[in-house]
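Structural features, examined
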Amino acid sequence: MELTQHTPDLSAYLAADEAIDHEHPVVRETAARLAEGVADSYAYARSAYEFVRDTIPHSQDSQDPRVTWRASDVLRQRTGICHAKAHALAALLRAEDIPAALCYQRLTWDDGGGHVLHGLVAVRFNGAWHRQDPRGNKPGVDAQFSLGGERLAFAPDPKSNEMDYPVLYAEPHPGVLAALKAAPDRSALAAALPTHL
């Protein structure tokens, strides 16, 4: 699949916004801590990815009812669904001048009833975009940071009407962000999130 930028200007993928608030002190402090002792941007990106994947529980896995959407809140409260964790990772990458995009998959719900939009991050290295999934591992899910072939949590099954969306967004998709901002808790969010782009 060929990934395509929604916005041609690469600087948009370094910008701060209300969700990817990488100028916030919490994001800056976390980025500075992760940058200590790493050899280069690639090592930092791997460290940031593993930090978000491993130390911020996916709220569905942990049964945490709180809804976070702003990167600084995700880092401070240590919880979030895939979209929130993607915002946090994008902010940490952009804080160190590494271009980061948001991208999405359409997947079947765990119970098989209907579809859900899953959030990912793409990082730019050596002139190419590489998708990463920081949702968090669990039995049956083994996502890894990789620039040499995708190691995502899920592979869409076209027979189940699942798909990868090739568009790379500089900002969260408006439908996703609106649902995150309006939801009073995670169960309400599940019903409000878009099922496709």
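Refer to the structure printed above.
All of the points below concern the structure found in this document. What you see is a predicted model, and the numbers here were worked out from it, not measured in a lab.

What follows is about the packing of helix α2 (residues 41-55) against helix α5 (residues 82-95). To describe two helices that pack against each other, one gives the angle between their axes and the distance between the axes. At a minimum axis distance of 10 Å, the contact between α2 and α5 shows a crossing angle of 155°. Between α2 and α5, the angle is such that the two are roughly antiparallel. You can see that α2 and α5 cross each other, and the crossing is right-handed. Along the contact surface, α2 presents Tyr44, Ala45, Ala48, Tyr49, Phe51, Val52 and Arg53, while α5 presents Lys85, Ala88, Leu89, Leu92 and Leu93. When grouped by side-chain class, the residues that make up the contact of α2 with α5 number 10 nonpolar, no polar and two charged.

Strand order in this open sheet of four strands is β4-β3-β2-β5, and the pairing throughout is antiparallel. Among the strands making up the open sheet, the edge pair consists of β4 (128-132) and β5 (163-164). Direction of pairing for strand β2 (residues 100-108) relative to strand β3 (residues 115-125): antiparallel, over a ladder of nine bridges. Looking at β3, one finds that Gln105 is bridged to His118. Contacting β2 and β3, α5 crosses the sheet at an angle of about 10° to β3.

What follows deals with the environment of Val38. Tracing the backbone shows Val38 in the loop between α1 (25-35) and α2. With relative accessibility at 28%, the residue Val38 sits in the partly exposed group. If sequence neighbours within four positions are ignored, Val38 has contacts with Ala43, Tyr44 and Ser47.

Formed by 48 residues in total, the largest nonpolar core has its most connected members in Leu75, Leu92 and Leu93. Taken together, the elements giving at least two residues each to this core come down to α1, α2, α4 (71-77), α5, β2, β3 and α6 (174-182). The element best represented in this core is α5, accounting for nine residues. Excluding residues within four positions of it along the chain, Leu75 makes contact with Val26, Val27, Thr30, Phe51, Ile56, Ala88 and Leu92. Counting residues in hydrophobic clusters, the runner-up holds 11 residues, among them Leu3, Tyr13, Ala101 and Cys103.

Definitions and limits used
- Each chain has its residues counted from 1, running along the sequence as written.
- This being a predicted model, a pLDDT of at least 70 is required before a residue's local features are given, and a value of 80 or more before pairs of side-chain atoms are given or counted; all residues contribute to the totals for chains, interfaces and linings.
- Here the side-chain values reflect all heavy atoms present in the structure, with hydrogen atoms and water set aside.
- With axes taken as lines fitted to C-alpha atoms, and helix axes fitted only over the stretch in contact, angles between N-to-C directions fall between 0 and 180 degrees.
- Each helix is a run of H or I in the DSSP string that is no shorter than four residues. Each strand is a run of E no shorter than two, and both are numbered from the N terminus.
- Any angle that falls under 35 degrees is termed roughly parallel, while one over 145 is termed roughly antiparallel, one within 65 to 115 roughly perpendicular, and all others oblique.
- Throughout, a crossing is termed right-handed when the near helix is turned clockwise from the far one, and left-handed when it is turned anticlockwise from it by less than a right angle.
- Pairs of residues are marked as contacts when any of their non-hydrogen atoms sit within 4.5 Å.
- Amino acids outside the nonpolar list (Ala, Val, Leu, Ile, Met, Phe, Trp, Tyr, Cys, Pro) and the charged list (Asp, Glu, Lys, Arg) are all regarded as polar, and Gly is one of them.
- By the convention used here, strands pair only if DSSP detects at least 2 bridges between them.
- Burial classes follow relative accessibility: with a 1.4 Å probe on protein chains only, a residue under 20% of its type's maximum area counts as buried, one over 50% as exposed, and anything between as partly exposed.
- Residues grouped as a nonpolar core are buried Ala, Val, Leu, Ile, Met, Phe, Trp, Tyr and Cys residues, joined through side-chain atoms within 4.5 Å.

Honestly, it's all geometry; don't read function into it.
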